[in-house]
Amino acid sequence: MVDRETFIFPLNTVLFPEGVLPLKVFEQRYIEMTKACLRDSRPFGVCRIREGREVGSAAVPEPVGCFAAIESWDMPQPNLFHLVARGGDRFRIREMRVAPNHLISASVEPIPADRAAPGVDRLCREVLQAIIGKVGAEHFPAPARLDDAAWVGFRLAEVLPLEARAKQELLEITDAAARLVQLRALLVQHGLAEQRSDE
């Protein structure tokens, strides 16, 4: 099923479901987008930039992104919004249009939630648990669901120091167990954790 028209906000970042995204909005096209989303209580779409820049002409977004619902906002001065948005479901762009002011809108198809996984990779869970213990649980969506493979995978993907392209690949995976397999390999490859012989 193709969803209704969605504004697309291309950024040099990857937003994951339930992730928090603070934004400073100052370009006129995105101020207009923000006002429309607040007025209609609708989310906008966040996509990583494939080609181009965040400011100026419309960038080329990745085809898979994440809905972002505005949770709080402030306008400290005219033509400047401070937003905090929360990641929702993922989507795939089906058809895209660029307005004269370079604001992108698209017909998008929601991507179903991950296929359920029978368990959570122990190494991934322990690394995430250690990170939560170090930086504080308040920096993660509550309640913590360390027995949920999708939750663990998305949280690890957003906090690990990975290139945006790797994060995009992790976002696009629709099998929670497969995402953890890839994350485990990345943990070992980057020396962030040692491979255990008993797992």
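One structure accompanies this document, and this report is about it. (Residues numbered from 1 in each chain as written. Predicted model: local features only at pLDDT ≥ 70, side-chain atom pairs only at ≥ 80, totals over all residues. Heavy atoms only, no water.)

## As for the packing of aromatic side chains
Using the criterion set out here, one finds five aromatic pairs in the structure. Look at F9 and F44: their rings are 6.0 Å apart centre to centre, the planes differ by 50 degrees, and that puts the pair in the tilted class. Residue F9 is located in strand 1 (residues 5–11), and its partner F44 is located in strand 3 (residues 44–51); the two are separated by 35 residues in the primary sequence. Residue F9 is classed as buried on the basis of its relative accessible area, which comes to 5%. Given the relative accessible area of 0%, F44 is considered buried. Considering the side-chain rings of F16 and F154, the 5.9 Å spacing of their centres and the 40 degrees angle between planes classify their relative orientation as tilted. Linking F16 in the loop between strand 1 and strand 2 (20–25) with F154 in helix 3 (residues 149–159), this pair joins segments that are 138 residues apart in sequence. Look at F16 and you get buried, because its relative accessible area is 0%. Following the ring pairs from residue to residue traces out a cluster consisting of F9, Y30 and F44. Here the guanidinium or amino end of R155 rests over the ring plane of W151, the centre of that ring lying 5.7 Å away. (Phe/Tyr/Trp six-rings, centres within 6.5 Å; stacked < 30°, edge-to-face > 60°. Helix = DSSP H or I, 4+ residues; strand = E, 2+ residues; numbered from the N terminus. Buried < 20%, exposed > 50% of the residue type's maximum accessible area, 1.4 Å probe, protein only. Lys NZ or Arg CZ within 6 Å of the ring centre and 35° of its normal.)

## Description of the nonpolar core
Counting 30 residues, the largest nonpolar core has L128, V152, L156, L170 and L183 as its most contacted members. Every element with two or more residues in this core is listed here: helix 2 (122–135), helix 3, helix 4 (164–172) and helix 5 (176–189). At seven residues, helix 3 tops the list of elements feeding residues into this core. When near neighbours in sequence (up to four residues on either side) are disregarded, L156 contacts C124, V127, L128, I131, L183 and L187. (Core = buried A, V, L, I, M, F, W, Y, C linked by side-chain atoms within 4.5 Å. Contact = heavy atoms within 4.5 Å.)

## Considering the pattern of salt bridges
Evaluated as defined, the whole model comprises 16 salt bridges. We note a salt bridge from R97 to E95, for which the minimum N-O separation is 3.3 Å. Residue classification places E95 among the partly exposed residues on the basis of a relative accessible area of 49%. (Salt bridge = Lys/Arg side-chain N within 4 Å of Asp/Glu carboxyl O.)

## A closer look at unusual backbone geometry
The omega torsion of the bond from A142 to P143 falls at -5 degrees, within 30 degrees of zero and hence cis. Within the secondary structure, P143 sits in the loop between helix 2 and helix 3. Phi is positive for N79, close to 65 degrees, though the residue is something other than glycine. Within the secondary structure, N79 is located in the loop between strand 5 (64–77) and strand 6 (80–98).

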